[in-house]
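So the chains spell out like this:
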Amino acid sequence: MGEGGAATLGIGALLKSAGLAASSGEGNRLIDGGGVRIDSNVVSDKGLKLGAGTYVLQVGKRKFARVTLAAECFSATISTSAWHLVAARSPAAQA
């Protein structure tokens, strides 16, 4: 996932920038607890650096963000589209 030598962004800062964690410290605690995934792979390394590309971040069961890191504007802009999954229940189950 990470690339050496090229422009990279740390996972804690990325979680904060995407709005999935209030701070990079909170992001690191979520990683310690096994609650962070990138493209369906559990993140266990708090020092993980991601290079340019598009990733799907997941925090917990219901918080997701698709993040695109562009090499040419790497430090300036992170393009994200975040969404939260809501458990769907049938009308019969609500009664």
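Let us look at the structure shown here.

The rules behind the values
Residues numbered from 1 in each chain as written. Predicted model: local features only at pLDDT ≥ 70, side-chain atom pairs only at ≥ 80, totals over all residues. Heavy atoms only, no water. Helix = DSSP H or I, 4+ residues; strand = E, 2+ residues; numbered from the N terminus. Buried < 20%, exposed > 50% of the residue type's maximum accessible area, 1.4 Å probe, protein only. Polar contact = N/O pair within 3.5 Å; in protein donor to acceptor, adjacent residues only side chain to side chain. Contact = heavy atoms within 4.5 Å.

This paragraph deals with unusual backbone geometry. Residues apart from glycine generally show negative phi values, whereas peptide bonds are mostly found in trans. With a phi angle near 50 degrees, Asp39 is a residue other than glycine that sits in the positive phi range. Residue position: Asp39 is located in the loop between strand S2 (36-38) and strand S3 (41-42). The backbone phi angle of Ser40 is positive, close to 70 degrees, even though this residue is not glycine. The topology assignment puts Ser40 in the loop between S2 and S3.

Below, the discussion takes up the side chain of Gln58. Position of Gln58 relative to the elements: it lies in strand S5 (residues 53-59). Judged by relative accessible area, which is 17%, Gln58 ranks as buried. Of note is the side chain of Gln58, whose polar atom sits 2.9 Å from the backbone oxygen of Gly60. With residues up to four places along the chain from it excluded, the contact list for Gln58 reads Gly35, Val36, Arg37, Lys63 and Phe64.

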